[in-house]
Amino acid sequence: MKPVGLISMAVLLLLGTVASTYAQQEQQQEDKSQKHEQKAKPEKQQEAKPQKQEEQQAKGQQEQEEKQKQESKSARQEQQQETKPQKQEQQREKGQQKQQQANQPSQKEQHQQRGEQQAAWEGHRAHNWKSEHRDWQQRGGYNGYRIPEDRYRGNFGPSHAFRIYSYPVVVVGGYPRFQYGGFWFSVVDPWPEYWSDDWYDNDDVYIEYYGDGYYLYNRRYPEDRIAIIVSVN
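K.L.:
Any chance you could explain the overall build of the protein chain here in plain terms?
P.N.:
Each helix and strand in the protein chain was counted, giving 5 helices and 6 strands. What you see in the protein chain, going N to C, is helices and strands ordered as α-α-α-α-β-β-β-α-β-β-β. When the 233 residues of the protein chain are sorted by exposure, 25% land in the buried category. At a minimum sequence separation of 6, the contacts of the protein chain that also span at least 24 residues come to 70%. Accessible surface, the protein chain as shown: approximately 17,200 Å² in total, 47% of it carbon and sulfur.

K.L.:
Please explain the nonpolar core as it appears in this structure.
P.N.:
If you look at the biggest cluster of nonpolar residues, it comprises 33 residues, and the most contacted ones within it are Trp121, Ile164, Phe178, Phe185, Trp199, Ile207 and Leu216. Elements that contribute at least two residues to this core include exactly helix H2 (107-122), strand E2 (175-180), strand E3 (183-187), helix H5 (199-202), strand E4 (205-210), strand E5 (213-218) and strand E6 (221-231).

K.L.:
What is the right way to read the sheet that holds E3 from this model?
P.N.:
Sheets are built from strands paired through backbone hydrogen bonds, the pairs being either parallel or antiparallel. Taken in spatial order, the 6 strands line up as E1-E2-E3-E6-E5-E4 in an open sheet, and their pairing is antiparallel. Strand pairing shows two members of the sheet lacking a second neighbour, strand E1 (169-172) and E4, which therefore form its edges. Adjacent strand axes in the sheet meet at a mean angle of 40° when their direction is disregarded. One ladder, built from 4 bridges, connects E5 with E6; its direction is antiparallel.

K.L.:
For this particular structure, what's the right way to read the packing of aromatic side chains?
P.N.:
Across all of its chains, the model carries 21 aromatic pairs by this definition. Three or more aromatic residues joined by ring pairs make a cluster, and in this case those are Tyr145, Tyr152, Phe156, Phe162, Tyr167, Phe178, Tyr180, Phe183 and Phe185. It is arginine 139 that lies over the ring of tryptophan 136; its NZ or CZ is 5.9 Å from the centre. Positioned over the ring face of tyrosine 215 is arginine 225, at 5.2 Å from the centre of the ring.

K.L.:
I'm lost on the pattern of salt bridges in this one. Help?
P.N.:
Opposite charge on two side chains lets them pair, provided their charged atoms get close. All told, the structure shown has 5 salt bridges when counted by the stated rule. In this structure, arginine 153 and glutamate 149 form a salt bridge, with 3.8 Å as the shortest nitrogen-oxygen distance. Here arginine 153 pairs with glutamate 149, and both are found in helix H4 (residues 149-155), just 4 residues apart, close to one helical turn. Between arginine 220 and aspartate 203 there is a salt bridge, with the nearest N and O atoms lying 2.4 Å from each other. In this pair, arginine 220 is assigned in the loop between E5 and E6 and aspartate 203 in the loop between H5 and E4, connecting sequence segments 17 residues apart.

K.L.:
I tried to follow the environment of asparagine 233 on my own but got confused; where do I start?
P.N.:
For asparagine 233, the position within the fold is in the segment after E6. Placed 50 residues apart in sequence, asparagine 233 and phenylalanine 183 show a C-alpha to C-alpha distance of 6.9 Å. In this structure asparagine 233 touches Arg177 and Trp184, once residues within four positions along its chain are discounted.

K.L.:
What am I meant to see in the pairing of E2 here?
P.N.:
Consecutive side chains along a regular strand alternate between the two faces of the sheet. Strand direction decides the pairing type here: E1 and E2, joined by 4 bridges, are antiparallel. Bridge pairing in E2 links valine 172 to tyrosine 175. If you look at the hairpin formed by E1 and E2, you'll find 2 residues sitting between the two strands, and glycine 173 has a positive phi there, around 65°. Two strands pair when backbone bridges link them, and E2 and E3 are joined in this way by 4 bridges, in the antiparallel orientation. In the strand pairing of E3, tyrosine 180 is matched with phenylalanine 183. Counting the residues in the hairpin turn of E2 and E3 gives 2 residues, including glycine 181, whose phi is positive at 60°.

K.L.:
It is not clear to me how the side chain of asparagine 218 should be interpreted in this structure. Could you clarify?
P.N.:
Among the structural elements, asparagine 218 can be located in strand E5. For asparagine 218, the side chain forms a polar contact with the side chain of aspartate 203, separated by 2.9 Å. Separated by 2.9 Å, the side chain of asparagine 218 and the backbone nitrogen of arginine 220 make a polar contact. Once residues lying within four places of it in the same chain are set aside, the contact partners of asparagine 218 are Trp195, Trp199, Asp203, Asp204 and Val205.

Reading guide: rules and limits
- Residues numbered from 1 in each chain as written.
- Predicted model: local features only at pLDDT ≥ 70, side-chain atom pairs only at ≥ 80, totals over all residues.
- Heavy atoms only, no water.
- Helix = DSSP H or I, 4+ residues; strand = E, 2+ residues; numbered from the N terminus.
- Buried < 20%, exposed > 50% of the residue type's maximum accessible area, 1.4 Å probe, protein only.
- Contact = heavy atoms within 4.5 Å.
- Areas by Shrake-Rupley, 256 points an atom, 1.4 Å probe, with all protein chains shown as cover.
- Core = buried A, V, L, I, M, F, W, Y, C linked by side-chain atoms within 4.5 Å.
- Pairing = 2+ DSSP bridges.
- Axes fitted to C-alpha atoms, helices over the stretch in contact; angles between N-to-C directions.
- Phe/Tyr/Trp six-rings, centres within 6.5 Å; stacked < 30°, edge-to-face > 60°.
- Lys NZ or Arg CZ within 6 Å of the ring centre and 35° of its normal.
- Salt bridge = Lys/Arg side-chain N within 4 Å of Asp/Glu carboxyl O.
- Polar contact = N/O pair within 3.5 Å; in protein donor to acceptor, adjacent residues only side chain to side chain.

Printed below as a string of structure tokens:
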């Protein structure tokens, strides 16, 4: 074999060895890079995991705060709904008290009224009430004005007692006539002789529809009922 051929073969072998060595180095470098990436990936995952947990925790805390706000808002609304009728009731009662105070006469007017009422009632006292009294059945039935049911419930009956001296009293047709609850009441029965002289001043009375007509009752003498006639003017 010629020397030139030997040299060519040696060069080719050398080049092959160099290429093989270079390929091995590149493969090793690539393996190192893959290992580094694989090693770095879990580290990144480990870093991302706490961040995700913090985000979830922050989100959960925000949702909890929103829920508490909604619950607090609902509780306030319920409390407002509960207190609203109470305030309305208190305002209504206050208005009624003011109206009652406005209707109460002054001391001077009360003194004058007592004198007028004493004269009105004194001439209508019975000598023997048991024999002089007549109920509406004995009188042939009640034919006067009838109080509407809603107004009757609001102002009349045993739970709505009052004292007559606080209200206007006049004598019409020989009978005492007083005003109460927006109506006039004529007392057609005499009042019992055993009642106190100033019963209209000190005794609590009330008006009730009983059986066949309207009657005036005195709480000191609950068995006695005085026949009365209702009118609007």
